[in-house]
Every structure is written in structure tokens, then in C-alpha cells.
Number of protein chains: 2
Amino acid sequence: MELLSLSILGSSSAVPLSDRSPSAQFLQIGKEYFLLDCGEGTQVKLRQHRIGFSRLKHIMISHLHGDHFYGLVPLLSTLQLLDRHAPLYLYGPKKLEVAIRQQLDITDAHISFPLHFKVLDTERKDLIYESEHLKVHSFPLRHGVDCFGFHFEEKPLARKMRKDVLEELSIPVAEIRKIKAGADWHDQKGKVYPNAHLTLEAPAPFSYAYCTDTLPVKHLHRYFSEPDLFYHEATFLSKDAQRAKQTQHSTAAQAAEIAEICKAKQLLIGHFSVRYKSFQELLEEAKLTFPNTAIALEGYRFSLDRKTRDLQIEKENEYR
Amino acid sequence: MELLSLSILGSSSAVPLSDRSPSAQFLQIGKEYFLLDCGEGTQVKLRQHRIGFSRLKHIMISHLHGDHFYGLVPLLSTLQLLDRHAPLYLYGPKKLEVAIRQQLDITDAHISFPLHFKVLDTERKDLIYESEHLKVHSFPLRHGVDCFGFHFEEKPLARKMRKDVLEELSIPVAEIRKIKAGADWHDQKGKVYPNAHLTLEAPAPFSYAYCTDTLPVKHLHRYFSEPDLFYHEATFLSKDAQRAKQTQHSTAAQAAEIAEICKAKQLLIGHFSVRYKSFQELLEEAKLTFPNTAIALEGYRFSLDRKTRDLQIEKENEYR
């Protein structure tokens, strides 16, 4: 599947309502999967989105406020009951491990699959995961407690062979990898075919950035730029900017400003205060600065197709 | 409201599904309210059942397995965010307080309303709450960790004045309380009217017993008897009795047997293993021994009217 897909399991702020769950997102890039934050009830949301628990391998926790990780220990307990054996990789603030161990100890629960903890760097951008296709960095945000954003980016993709040339010149299969990587090709007579003649431009790699909870960080573009999709919290409207500052959150206008500074292609906003009954005003405020904004609506899956790069929005199967 | 009412917020065992939530019940007897256990997501279930958070005053936690208390700290955090001032009384095993304090500390959360902890007695039946109208006792169950059942019983109610006699004899208002409490009455001429002539039998007080999780405890009737409503876990069918024993749970047949021993009037069973896709077989198994059995269905409210004592079952408003 040639896509980037983001399922919004929850995008409310600290007080959950019947239809507003605390933070949790499930990200797929290519064939790799990441759970971002894990508020209370995330395991049930995963089921409602029909996301198999076997896809859980990497879990990033932005910070240790309850609405971002109270669902983690219950999820681990369930994985244990379901007889998981595969290791699980957890990325978060320093105290995440002790938070988990304490809760497991007190409930007399034993986790028998391997748990690996990566403590995030509070000072600088840090490469926290790398695979054949992907790099993930964490970077510090500003929220009063240790708090982190995450940037997921594919590595540059191989150029594509031109099929017509491939057939015309009878290039041996063994050579194709080198050519895709950028090499020219010499035929048996010694004639040189420059790479640009043999291949097509590689599709642009996908990238996604996740920033919650935070005051606007004006230098965020030093950590990443031009994300295809950019989630930034927008807890308040500008009219409540004072409250945003006190609680170390952002307004919708500020989220939009940061998206612009980072040259994001598409902004998603969420983590709204329950004081707002509708999200329309928040969306409109962000759009004034950054027109390409959408609401990170709980129960929806956002995806980008490799070719078209259009944002698709799809409602998950009705709950139950 | 002259009733006993029990809302089933969750009645599943340890692995939650989309439509099966972990243990939590909300009990009303007369004008007093109790939350019994608090699995993950209980605060959202309270909202879905339209139970106002101001009714939360007493929370009983049967034991410290996650499916019975992972929702408690998130609920406390929400109460704090909602600016609660009223004290909250928590009843549970010895380690409950440290479990809560640890989680609050790590999330940098401060609870400013008073939290009172009552450590339950692991050896014997214990009076843990008493009001003008009600007594609540805890008693030990058998589940490998400290685990408790709870028995709620109204105190004997005052006898009712016969309205016809009240009017005929012109009894002064000041005398009525004494007569309701059982006194005879002398009129101005010294004529004695025996209490039985003046009053009607008091309605029988309500009682409710809650027992989860536990192996069958054959001596449970020493702690209470003849509950109007009796909830007993029935995690397994008899064909899985071996598994029930290993995990220190009960079968539906065992729950029914205990209900019979305790002379319960109505049995509710729940805490079913997710291995059972339907509850029908569990219900049938219990009914073989104890015909007056019902499933403690999540999303339903069970109530008894003072006069008729009939069990009413009502579906809560459809979620969302």
C-alpha cells in the first residue's frame, strides 16, 4: 500500500466526553506502524477502528499528562492477556518506565513480552528510530513538563525505471538496482546511457509531524520542514489566548502560523478544549492563516496517496 | 425516589472489547449513591448513562486488578479539572492509596479536593459506612489478591401512619414520629390506642450485595442474607470450571449456587470471559439452579420499586 494513513483515535483535550476521547493516533507509513499517545480507552478505539493489535510495535508518548498515556498500562495488560510475545518499543519522557512499572507492580501484573524503553532527549532533535525506509526523530516542545514532538520521514525513494527503455535496451535484471540508485548504464558495445535517460524521478517521500501539547514553538522549522501532513494542537481560540498561555497550549491561529513557518502541506488541528461545542470556529480561525487546514476528527482516517498526494478523509466503520 | 437502582457501566472481564467494558456499577439506594469498581473508561460510561459527577461521593474498589480500577485516576483527574471541592470517600485494599498517589505524582497532577481512604479488612466483615438510612459492610472474597465484596442495606424503615386513623383521632403532629417508631398513643381522656391500630407495617428495607472477582465462597451467607439484588461474577461456564479454578473465578452454576445459599431474591451475573460470544448459555446454566437470574447487561439500568419489588430493566439512552 503506497500511502500515509493516520487514524484519529482521539483528539480531545484533558476532559473526555462521550464523543470526545483523549489523544491517540495510529500512523501508517508504507508498511510501518506507530501509535502516537495513548489516552484512556485507546485499546477500545483501536478495536473500533479495526486496527489489529499485532500492528502495535512502536508507541510514542509525547508527555506524562494523563490524557496522553492513561490508556497505556491497560493496553499492555491486554496484550499480555492476549499472549503477546513480540517485543514492544516505547518512546517517551524519562519517567515513563517507572510510571509503567509502578502500575504493573501494584496490580500484580507481569508482562512477559520484551518492553524496550527509549528515553527522549529534552535538549535537541534526536534520531529515535531508523529502518530501511524510515527515520523518526523526536524534538522538545514547550509544555511545562518534558514534552516531545515526533517527525516521521521516509528515506529518499529509488528512482523508477522507464519501462519502455528497459524493454528496448534489454538491460539485465542484475543492473536494475544500480540504475535505480542513480548509476548510468553501458551496453555491451560500450555506449553510455545516462541515468536521466533510463529512469524517472523518484516519488517524493512522505513525512508526518506530530506536535502536542505545546506553546507555539517558533523555531520548530529547525527540526523539520515541509511535512506532507502536520498535526498541531489548537486547544483554544485566539479570544482565549490568555488561557492558552497559562496552560501552555496553542490557539488555532498559532497552530496555523507554525504550519506556515514549517511550510507544511496540510495541517490537522485537534486537542480542543471542551468549552467549544463546535469545531467550526477553530477551523475558520486556522484557515485565515493556513487555508489547507482540517479538523483531526475522532473516528476518521486521513490518508495521502503516493501519486496524487490528495488528502482523503474516510469515516471508520460505525462503532459497534 | 423510592427505589433501588443499579446502572451497569461495565460487566466484562479483563479484556475490553468495543461493546464490553470492564467492571463498574453505579448504585442508588434511596438518595445515596455508590460507584462500585472503576475499570478503564468508567468516566465516559457515567456520561453515557447521564449520571452527574456530583453524585460521586463513595467509590468502592473490590481489588487492584486493572479491570477494576484503571479508570479511577483518570476519573479523579477529571473531577479536579471540573473544579470539584466536595470530599470523595474511597474504600479498597491497603495499596489503593499508594497506587493513586503514585499515578498522580508521576503525571504532575494535584487533587485539591479531600480524598479519604478506608482500608478494608481482609479478615472479617466490617462496617465501612453508616448513614441515617443505610449501612454498608465489606467482607473478604477469595481471588489470590486482597479482594472484597460489599453489602448495602437500608436500616429498618419507620412504620407508616394509617391516614384514616390520623384524621379520626386528631393526633398532634408532634406525636407522629414516636408512633412511627412504634409507640402507642394515649388520647386526652387516657384511652390507649395500641401501635398496631395506628400504623401499617413498614416496607421492607432494600439490600444489595456485590461480589466480584472470586472463587465461590460457600460461607458468604454468614456475611449477609436475603439480598433483594445480588450481583455475583460468573466468568466461566461449568465446562471451563478448571480454568475458573486456576484463575480464581466462578462459573455461572457456582454463582447460582451461592445465590441460593444466600437466599437472594434476584441474581445478576456478569464479568464474563470474552471467549463467550453470547451470554445465553451462561444465563441458562445459572437458571438451572437459580431461576431468578438475569444478565448484568452493560448499558442497562436495573431497578426495584419499593412497593412492587419487581425488577425493572431499562436500556440507557443510546450512546451518542
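Before reading further, recall that the structure is shown in the block above.
Note that the structure is predicted; figures quoted are calculated from it, not measured. (Residues numbered from 1 in each chain as written. Chains lettered and ligands numbered in written order. Predicted model: local features only at pLDDT ≥ 70, side-chain atom pairs only at ≥ 80, totals over all residues. Heavy atoms only, no water.)

Okay, the overall build of chain A next. Assigned secondary structure in chain A consists of 10 helices and 19 strands. For 320 residues, the compact-globule estimate of 2.2 N^0.38 gives 20 Å, and chain A sits close to it at 22 Å. Its C-alpha atoms put chain A at 75 × 50 × 45 Å along the principal axes. For chain A, the proportion of its 320 residues judged to be buried stands at 56%. Expressed as a percentage of contacts within chain A between residues at least 6 apart in sequence, the contacts between residues at least 24 apart total 63%. If you sum the accessible surface of chain A, you get close to 14,400 Å²; carbon and sulfur atoms cover 49% of it. (Helix = DSSP H or I, 4+ residues; strand = E, 2+ residues; numbered from the N terminus. Rg over C-alpha atoms; globule rule 2.2 N^0.38 Å. Buried < 20%, exposed > 50% of the residue type's maximum accessible area, 1.4 Å probe, protein only. Contact = heavy atoms within 4.5 Å. Areas by Shrake-Rupley, 256 points an atom, 1.4 Å probe, with all protein chains shown as cover.)

Sheet strands associate in pairs through backbone hydrogen bonding, adopting either a parallel or an antiparallel arrangement. Residue and element names in this part refer to chain B. On the basis of which strands lie adjacent, the open sheet formed by seven strands has the order E7-E8-E9-E14-E15-E16-E17 and mixed pairing. Either end of the sheet is taken by a strand with one partner, and the two such strands are strand E7 (126–130) and strand E17 (293–295). Strand-to-strand twist across the sheet, computed as the mean angle between neighbouring axes with direction ignored, equals 20°. Where E7 and strand E8 (residues 134–140) come together, four bridges link them in antiparallel fashion. Within E8, the residue paired with Tyr129 across the bridge is Val136. Helix H9 (residues 252–261) contacts strand E15 (229–233) and strand E16 (267–270) of the sheet and is inclined by roughly 150° relative to E15. Of the strands in this sheet, E16 and E17 are in contact with helix H10 (residues 280–289), which crosses E17 at around 165°. (Pairing = 2+ DSSP bridges. Axes fitted to C-alpha atoms, helices over the stretch in contact; angles between N-to-C directions.)

Between the two copies, chain B and chain A, the superposition gives an RMSD of 0.1 Å; the rotation angle is 180° and the shift along the axis is 0.0 Å. Within this description, the copies of the chain are treated as partners about a two-fold rotation axis. Within chain B, Gly41 of chain B has its C-alpha nearest the rotation axis, a separation of 2.9 Å. With an isologous cut-off of 70% or more, the 100% of interface residues of chain B that recur at the interface of chain A puts this contact in the isologous class. (Least-squares fit on C-alpha atoms with pLDDT ≥ 70 in both.)

We now examine the sheet that holds strand E5 (residues 88–92) of chain B. Residue and element names in this part refer to chain B. Pairing within the open sheet is mixed, and its eight strands lie in the order E6-E5-E4-E3-E2-E1-E18-E19. The open sheet terminates on both sides in strands that have one partner only, identified here as strand E6 (115–119) and strand E19 (311–315). Between one strand axis and the next, the sheet turns by 20° as a mean value, whatever way the strands run. Running over the sheet, helix H3 (residues 72–81) touches strand E3 (32–36), strand E4 (58–60), E5 and E6 and is turned about 175° from E5.

Time to look at the pattern of salt bridges. Residue and element names in this part refer to chain A. Enumeration over the complete set of coordinates arrives at 28 salt bridges over all chains. Taking the shortest distance from any N to any O, the salt bridge between Glu316 and Arg301 comes out at 3.7 Å. Of the two residues, Glu316 is situated in the segment after strand E19 (311–315) and Arg301 in strand E18 (residues 300–305); the sequence distance between them amounts to 15 residues. Summarising the burial analysis for this pair, Glu316 and Arg301 share the class buried. One connected set of salt bridges, linked through shared partners, spans Asp228, Lys265 and Arg309. (Salt bridge = Lys/Arg side-chain N within 4 Å of Asp/Glu carboxyl O.)

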